[in-house]
Structures are given as C-alpha cells and as structure tokens.
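Chain by chain, the residues run as shown.
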Amino acid sequence: MTNFKDYSGQKFGRLECLSFSARVEANTYWTCRCDCGQLVEVRIRYLVKGAISSCGCLKQQRKTTRKTRITKLKNFAGQRFGRLECIEPSELARVNGCTYWKCKCDCGNIVDKHIGNVVSGRIKSCGCLKSSFKDYIGQKFGHLECISPSKPAKGNYWKFKCDCGNIVDKNIKNVVAGRIKSCGCLNPSFKDYSGQKFGHLECISPSKPAKGNYWRCKCDCGNIVDKNIGNVVAGRIKSCGCLNPSFKDYSGQKFGHLECISPSEPARVNGITYWKCKCDCGKIADFPIRSIRSGSIKSCGCLTQNSKSIIYYIKNPRLENQESLVLELKAKDEVGVLFYDNSNVSKAEIHVVSKVTLAFILLENGEKYNAKGKKIRAFGDNATYLCSIETAERLISLQ
C-alpha cells in the first residue's frame, strides 16, 4: 500500500487509533478505542479533521448534561415579585429556551409566567394591573351597561347591554372614552323600519346574522329576502327581483327538449338567473334561463350524445366475412344480436342502442358490448355478438 500513514497510538479527541481496519472505495478506516472503552471503526479523514471526536458517548453526555442543567433550575418557590408569588415550575418548565413558573396573583388568578420577566419586574401581575382589566361590571356608559368580559376573550372587549335591549361586544376603551354610546340604535342607519313598506317590500326585522345595513323584507310575491335598507328606502330596490324581466315566470314553458319547472335555489349566481328544468330524457338540472331562451342550450346534454355516431369493427370469429363487418352506430339506432349455443347460432334479435362510447355499446335492455361487438362478461361457446340488421333479419326469418 503506497503513501500509507501510520496513525497507531495517536489520539484525536476521545479516540485513540489502534490499527488499520480497511480501505473501501478510497476511504481508509481505522479501529479506535474511545475513552469510554468502546471500540469503533471510523474514517480516518474525519477523525483527523475533528469531525468525529468520540464513539457517540460525547453527544449523549451533552444531552444528559443539558437535562441535568434544566432539572437544577433555581428554586423560586414561595418567593414574591410584585403581585405574583411563585408556586412551582410549570408543567412545560422550558419553552423555546425560556423558563416558566406557575404563579399566584393577589387577585387570585394562577398563571404561567416567564420567570426572567417576573424577577426583573417586567411582569408584576397576572394582568389585573392593566387598565383594560379593570372591573367595569354594572357600570354604565351612555346607553351601554357593562355585563362581563367577552367570552371567548376578544382582547379589550366587554359584553354590554344597551337600553334598547340588544347585547353586544364592544371595545371597552372606546366605550369609556365615549366614542361608542350605544349598540348602534342611536345611528340613523339603524332606524327601526319594522312594518314599513317601500315599493313591494315590507320590512320585517334586521337581518340575522347581522349583515351591516341589511334588513329582512317580505315581497308582495311572498319571497323573503335580505336587502340593503338604504337602497330600499331610496327606491333603488323595489322588490325581491320579481319585477325584473330576468325573473319572468317560465314555469311550464318548454324550450327545445327542456321544460322549465321552477327557479333554482339560489335563483341568481354572479348575476345570472338559473331555472330548474326537466329534459325529455327525464333528467332534471339547473340551467341559465338566458341560454335556454336563446337556444344555446336545448337539452341536458343527451341531444349531443345521441347525435354522435361511432364506427365499430366487429370481430366475430364465427362469421365468415368478419373482416368486412363494420357498424356505424349512435344512440336510438337498431342493431342485430346473435346468440350462440355450442358454437352454433341459436337465435337472432334486433335491439335499440341506448348509448355509444369508444369503449362499449349499451343497449336499452341493459346489455353491454365491447368495441369488438362481444357481450361483456360472456364466455365460452355461448357468447353473444352484435351483427348487422340484415343478418339478424335473415336469421329471424329462418327461425
């Protein structure tokens, strides 16, 4: 071995080189003894560089030292800082390198606090010293009487009862400063419009849940809708939409293969009016009434499907002229069917095609045939094949 360097007896970190171990793909390995007594094989290049300094015991020792250091935290039990008396370390004593203690405040609250901030005086209480935590229960500001802090807590919000009876959550600072004096009933936009009628709309009550300046209104046609009260009072909105030509009643009218049943729910989506329609094929679906009236949509889609024809190359091994048998089929067409019994034709029938695809042909009796004309899930000598109408008629006349 050329250029071989002897590291016997040399020590790197906790590892002492004993003997050459092996050479694998240009990497030289040496057998080393760790201070803990463990024998390991390490790559000598990493050992000389200092990337490896032990058998792994050093890393484990560091973990143990760290845990020991955490367990030997200073004991603050019974000590008092400001309004907080330390009780015991929190269940999660350290979070992101910060030590937390469970503390009891003079107000009775028990909280977990960063012990460094408690000792330094940056935290003096559970939060009850802050003005926002002052007890306002029973106090009245303007038309609002404080009931309790909001639940769940919403920062600086309290639950208030207004003179009008509404219970609302408001920012306590704004209430105390007088910037908020009521639940909103003093605002002209919150005027009581109950029972008043504008155009075809009669106001019932404010929308629930509250939608800004919206009121629930009943139209003369019977529909109940939520409308912007400003637009209703100004006359920009006079009905639920039944006065709009796009809301014309098309019930019972027929366009193409579609018969209109009733407006969809919801009736309008992104400004487009939809109606529930029944197709001649029996399917019920929602369509834009504009597209139905203009003729852009004439069916549920079955019309397009029925008009599509597909060419099939029938591969019936029992027919002499099988190579020349080509069928072009579409829905509603008739096709012949040959039934075999022990390799001989037992009978022939004529059926109507219900659906055609590139993969299969479905007859109206529910039977399905593959693209080569063989009945799906038919095996052996009793298989069934498609054929031309002429072939089926000829065999039927001989039966």
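Scoring rules and cut-offs
Residues numbered from 1 in each chain as written. Predicted model: local features only at pLDDT ≥ 70, side-chain atom pairs only at ≥ 80, totals over all residues. Heavy atoms only, no water. Helix = DSSP H or I, 4+ residues; strand = E, 2+ residues; numbered from the N terminus. Buried < 20%, exposed > 50% of the residue type's maximum accessible area, 1.4 Å probe, protein only. Contact = heavy atoms within 4.5 Å. Areas by Shrake-Rupley, 256 points an atom, 1.4 Å probe, with all protein chains shown as cover. Phe/Tyr/Trp six-rings, centres within 6.5 Å; stacked < 30°, edge-to-face > 60°. Pairing = 2+ DSSP bridges. Salt bridge = Lys/Arg side-chain N within 4 Å of Asp/Glu carboxyl O.

Counting secondary structure elements, the chain contains eight helices and 27 strands. Taken across its 399 residues, the chain has 30% of its residues classed as buried. Counting contacts in the chain only where the partners sit at least 6 residues apart, residues at least 24 apart contribute 30% of the total. With an accessible surface of roughly 25,200 Å², the chain has 49% of that area assigned to carbon and sulfur atoms.

On inspection of all chains with the given rule, the structure shows 12 aromatic pairs. On the numbers, 5.8 Å between centres and 90° between planes, the contact of Y7 with W30 is edge-to-face. One end of the pair, Y7, is in the segment before β1 (11–12); the other, W30, is in strand β3 (residues 27–34), and 23 residues separate them in sequence. When sorted by exposure, Y7 lands in the same class as W30, which is buried. Note on Y136 and W158: the rings are 5.7 Å apart at their centroids and 90° apart in plane angle, and the pair reads as edge-to-face. Separated by 22 residues along the polypeptide, Y136 in the loop between α3 (115–120) and β9 (140–141) and W158 in strand β11 (residues 157–162) bring together distant segments of the chain. Here W158 falls in the buried class, since its relative accessible area comes to 6%. Taken together through their ring pairs, the aromatic side chains of Y7, F12, F20 and W30 make up a single cluster.

Glancing now at the sheet that holds β11. One open sheet holds the four strands; their spatial order is β9-β10-β11-β12, and the pairing between them is antiparallel. Because the sheet does not close on itself, it has two edges, and the strands there are β9 and β12 (167–171). Where β11 lies against β12, five bridges are found, and the strand directions are antiparallel. The partner of F160 across the bridge, within β12, is V168.

Further remarks concern the pattern of salt bridges. The tally for this structure, following the rule as stated, stands at 13 salt bridges. The salt bridge partner of K11 is D35, with a shortest N-O separation of 2.9 Å. With K11 in strand β1 and D35 in the loop between β3 and β4 (39–43), this pair connects stretches of sequence that are 24 residues apart. Overall, K11 belongs to the partly exposed group, its relative accessible area being 47%. Overall, the relative accessible area of 49% leaves D35 in the partly exposed class. R216 serves as the salt-bridge partner of D226, at 3.1 Å between the closest nitrogen and oxygen. Here D226 is found in strand β16 (residues 224–228), whereas its partner R216 is found in strand β15 (residues 214–219), with 10 residues between them in sequence. The class of R216 is partly exposed, set by a relative accessible area of 30%.

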